[in-house]
Each structure stands twice: as structure tokens, then as C-alpha cells.
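So the chains spell out like this:
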Amino acid sequence: MSTIKDREKGFETKFALDEEQRFRAIVRRNRLLGAWAAGLMGHTDADAYAQSVVEADFEEVGDEDVLRKLSGDLKAAGVSISQEEIRSKMLELMAQAATQVHQG
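A short tour of the structure in this document, coming up. Model, not experiment: these values are computed from the prediction.

Attention now goes to the overall build of the chain. Check the secondary structure of the chain and you find 4 helices and 0 strands. Beginning at the N terminus, the succession of helices and strands in the chain can be written as α-α-α-α. Relative to the 2.2 N^0.38 estimate, which gives 13 Å for 104 residues, the radius of gyration of the chain is 17 Å and therefore markedly larger than a compact globule would have. Along the longest, intermediate and shortest principal axes, the C-alpha atoms of the chain span 65 × 25 × 20 Å. Buried residues in the chain amount to 29% of all 104 residues. Counting only contacts in the chain whose residues sit at least 6 apart along the sequence, the fraction spanning at least 24 positions is 56%. Just so you have it, the chain exposes about 6,900 Å², and 53% of that area is on carbon and sulfur atoms.

Structure follows, in C-alpha cells:
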């Protein structure tokens, strides 16, 4: 019986670790997205803008809140970029962020 409980605990621990790393990768991706968008818009404080992108992700589940923020801010700054291009950048930076999180 102890073996089953040990396995259960092992699976729960791995699940928790995987979820934590996923969360950290999303936060890192959002920081990278914020820095990228800040550069496109010519923001002088890229860190502050990147933080605002991270905070925007807590509005709802999924990436739509981040996409809306980036799309709206870029449009307001006169930067012509499609939502598809932003989504593509999100995917690219998610892969980069996941690698960075897994490397420590």
C-alpha cells in the first residue's frame, strides 16, 4: 500500500512542479513581450511597460487579455502590427521563456 501512496505523492509533486514552471514561463514570456513591444513603441522605461504586460495577464484566463493590451497599446502608439504577428511573437517568446525557466 505504501508504494501506491508514494507514487501518488510523486505524481502530485511532479504536477505541482510542472504547473509552477509553466506559470514562471508565462510570466517570463510576458516580460519578454513587454520589452519587445516597448522597443517598437519607443518607450523609455521598458521594464515598467513589461511589468504592465505581466499584470494584464491576471485579468482573465488565457492569453487574450495580453493580446488585447499589446494590440491596443501598439495601435495607440501608431505601430502597425496585426494580431497574428503578435500571436506569432507570443509563441516564439513562450518557447524561449520555457527554455530559460528549465535551464534555471
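Here we come to the environment of Ala-50. Mapped onto the elements of the fold, Ala-50 is located in helix 2 (residues 46–56). For Ala-50, a relative accessible area of 5% translates into the label buried. The spatial distance from the C-alpha of Ala-50 to the C-alpha of Asn-30 is 7.0 Å, given a sequence separation of 20 residues.

Ranked by internal contacts, the top residues of the largest apolar core, which has 14 residues, are Leu-33, Ala-37, Tyr-49, Val-66, Leu-70, Ile-86 and Met-90. Of all the secondary-structure elements, those providing two or more residues to this core are helix 1 (2–41), helix 2, helix 3 (64–76) and helix 4 (83–103). With 5 residues, the top contributor of residues to this core is helix 1. Excluding its chain neighbours within four sequence positions, the residues that come into contact with Leu-33 are Val-66, Leu-70, Lys-89, Met-90 and Leu-93.

Right, let's get into helix 3. An ideal rise of 1.5 Å per residue puts 18 Å on 13 residues; helix 3 measures up with 18 Å between its terminal C-alpha atoms. Within the sequence span of helix 3, burial applies to Asp-65, Val-66, Leu-67, Leu-70, Ser-71 and Leu-74. For helix 3, the elements touching its buried residues are helix 1, helix 2 and helix 4. Two residues or fewer after helix 3 comes Gly-78, characterised by a positive phi angle close to 85 degrees.

In this section: helix 2. All of the buried residues in helix 2 are Tyr-49, Ala-50, Val-53, Val-54 and Ala-56. The buried residues of helix 2 all sit within an arc of 165 degrees when viewed along its axis, so they share a single face. Those residues of helix 2 hidden inside the fold are in contact with helix 1 and helix 3.

Reading guide: rules and limits
Each chain has its residues counted from 1, following the order in which its sequence is written. Totals for whole chains, interfaces and linings use every residue, but because this is a predicted model, local features are given only for residues with pLDDT of at least 70 and side-chain atom pairs only at 80 or more, for both listing and counting. Computation of side-chain values covers all heavy atoms of the structure but excludes hydrogens and water. The helix and strand labels rest on DSSP assignments: H or I over at least four residues marks a helix, E over at least two residues marks a strand, and numbering proceeds from the N terminus. Note on method: radius of gyration uses C-alpha positions; expected globular size equals 2.2 Å times residues raised to 0.38. Buried, partly exposed and exposed residues are distinguished by accessible area as a fraction of the type maximum, computed with a 1.4 Å probe on protein chains only: under 20%, between the cut-offs, and over 50%, respectively. By definition in these notes, contact holds between two residues if any of their heavy atoms fall within 4.5 Å. Note that accessible areas follow from Shrake-Rupley with a 1.4 Å probe, and for residues the cover is restricted to the protein chains shown. Among buried residues, those of type Ala, Val, Leu, Ile, Met, Phe, Trp, Tyr and Cys that are joined through side-chain atoms within 4.5 Å constitute a nonpolar core. Every helix has an expected span of 1.5 Å times one less than the residues it contains. Here, the arc refers to the directions that run from the helix axis to the C-beta atoms.

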